[in-house]
Amino acid sequence: MSVTRQALKRATDDMLSSLGGQTKAAPFTRVGQSTLSTYASRNNPDAFAPIDVIADLEPLTREFPDYPAVTRALCAINGGVFVPLPDVPTSDADLLTMMGRLSKEAGDVTQEICAALSDGRIDRVEQAKIRREVRHLLEIAVALDAIVANVPTEEPRS
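Helix and strand counts for the protein come out as seven helices and zero strands. Going from N to C terminus, the protein has its helices and strands arranged as α-α-α-α-α-α-α. For 158 residues, the compact-globule formula gives about 15 Å, and the C-alpha radius of gyration of the protein, at 20 Å, lies well above that figure. Expressed as lengths along the three principal axes of its C-alpha atoms, the size of the protein is roughly 60 × 50 × 30 Å. Looking at the protein as a whole, 27% of its 158 residues qualify as buried. Considering only contacts in the protein between residues 6 or more positions apart, those separated by 24 or more positions represent 64%. Accessible surface for the protein amounts to roughly 10400 Å². Of this, 53% is attributable to carbon and sulfur atoms. Taking the average place of the 17 positive charges on the side chains of the protein and the average place of its 22 negative ones, the gap between the two points comes to 8 Å.

Below, the structure is given as structure tokens:
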């Protein structure tokens, strides 16, 4: 089984584990416990959860780490990352506050990279810290974009 297919199996298993296992997840979707087990099993390399089953179950894992596991795996397979859309305020004050948060988070990323490189190398713990800060930066950038998109505008003067 390819690395990408293994990642999907692992993500499906993580999603189901977050729900307490296949038995507890089954009532929330159209397939039963044994079918969910097959979708997560690496011993069934050709069986994957259909998109509607993922759509039924993944939102139920919102409060767990790595939510949404399957969507994140699909994004990674396709060369991207998952960044959740924020609740969007629309005032100019929110825009300025978000700019401040973005600047702070960019500084945090820089600080983590500089600290990691102080000995000339980046270890796994340092890598995880840097990536966590970069994800925070991305989330704030997406929130800033959403705020800008919702700020009331005027027609340009001619």
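Next, the rest of the story.
To continue, consider the packing of helix 1 (residues 3-18) against helix 3 (residues 33-40). At a closest axis distance of 8 Å, the pairing of helix 1 and helix 3 adopts a crossing angle of 140°. As summarised for this structure, helix 1 and helix 3 are arranged oblique, according to the angle between their axes. Facing helix 1, whose interface residues are Lys9, Thr12, Asp13 and Leu16, helix 3 presents Leu36, Thr38, Tyr39 and Ala40. Partitioned by chemical class, the residues of the contact of helix 1 with helix 3 number four nonpolar, two polar and two charged.

Moving on: the nonpolar core. Core analysis: the biggest nonpolar cluster contains 19 residues, and Met15, Leu16, Ala25, Leu36, Tyr39, Val53 and Leu57 have the highest contact counts within it. Residue assignment for this core shows that the elements contributing at least two residues are helix 1, helix 3, helix 4 (51-57) and helix 5 (69-77). The biggest single contributor to this core is helix 1, with four residues. When residues no more than four places from it in sequence are discounted, the contact partners of Leu36 are Leu16, Gln22, Ala25, Ala26, Thr29, Val31, Val53 and Leu57. Counting residues in each nonpolar core, the second largest holds seven residues, with Met98, Leu102, Ala143 and Ile147 among its members.

Take a nonpolar patch on the surface next. Among the surface-exposed residues, Ile51, Leu74 and Ile77 lie close enough to one another that they form a single nonpolar patch of about 260 Å² accessible area. Inspection of the secondary structure assignment puts Ile77 in helix 5. We classify Ile77 as partly exposed; its relative accessible area is 34%.

The subject of this paragraph is helix 1. A rise of 1.5 Å per residue sets the reference length of helix 1, with its 16 residues, at 22 Å; its end C-alpha atoms lie 22 Å apart and thus fit the reference within 8%. Within the sequence span of helix 1, burial applies to Leu8, Lys9, Ala11, Thr12, Met15 and Leu16. What you see down the axis of helix 1 is that its buried residues fit within an arc of 165°, all on one side. One or two residues past the end of helix 1 sits Gly20, with phi positive at roughly 95°.

For the rest of this paragraph, the subject is the packing of helix 1 against helix 5. When two helices pack together, their arrangement is captured by the angle between the axes and the distance separating the axes. Orientation of helix 1 relative to helix 5, taken along the N-to-C sense of each, is 165°, at an axis distance of 8 Å. In terms of orientation, helix 1 lies roughly antiparallel with respect to helix 5. You can see that helix 1 and helix 5 cross each other, and the crossing is right-handed. Counted together, Thr4, Ala7, Leu8, Ala11, Thr12, Asp14 and Met15 of helix 1 and Ala69, Val70, Ala73, Leu74 and Ile77 of helix 5 form the full contact between these two elements.

What counts as what
- Residues numbered from 1 in each chain as written.
- Predicted model: local features only at pLDDT ≥ 70, side-chain atom pairs only at ≥ 80, totals over all residues.
- Heavy atoms only, no water.
- Helix = DSSP H or I, 4+ residues; strand = E, 2+ residues; numbered from the N terminus.
- Rg over C-alpha atoms; globule rule 2.2 N^0.38 Å.
- Buried < 20%, exposed > 50% of the residue type's maximum accessible area, 1.4 Å probe, protein only.
- Contact = heavy atoms within 4.5 Å.
- Areas by Shrake-Rupley, 256 points an atom, 1.4 Å probe, with all protein chains shown as cover.
- Lys, Arg positive; Asp, Glu negative; His and termini not counted.
- Charge placed at Lys NZ, Arg CZ, Asp CG, Glu CD.
- Axes fitted to C-alpha atoms, helices over the stretch in contact; angles between N-to-C directions.
- Parallel < 35°, antiparallel > 145°, perpendicular 65-115°, else oblique.
- Nonpolar A, V, L, I, M, F, W, Y, C, P; charged D, E, K, R; others polar.
- Core = buried A, V, L, I, M, F, W, Y, C linked by side-chain atoms within 4.5 Å.
- Patch = residues over 30% accessible without salt bridge, like charges linked within 9 Å, V, L, I, M, F, W, Y side chains within 5 Å.
- Salt bridge = Lys/Arg side-chain N within 4 Å of Asp/Glu carboxyl O.
- Expected span 1.5 Å × (residues − 1).
- Arc of directions from axis to C-beta.
- Left-handed = near helix turned anticlockwise from the far one by under 90°.

From the geometry alone we can't say anything about function, so treat these as descriptive.
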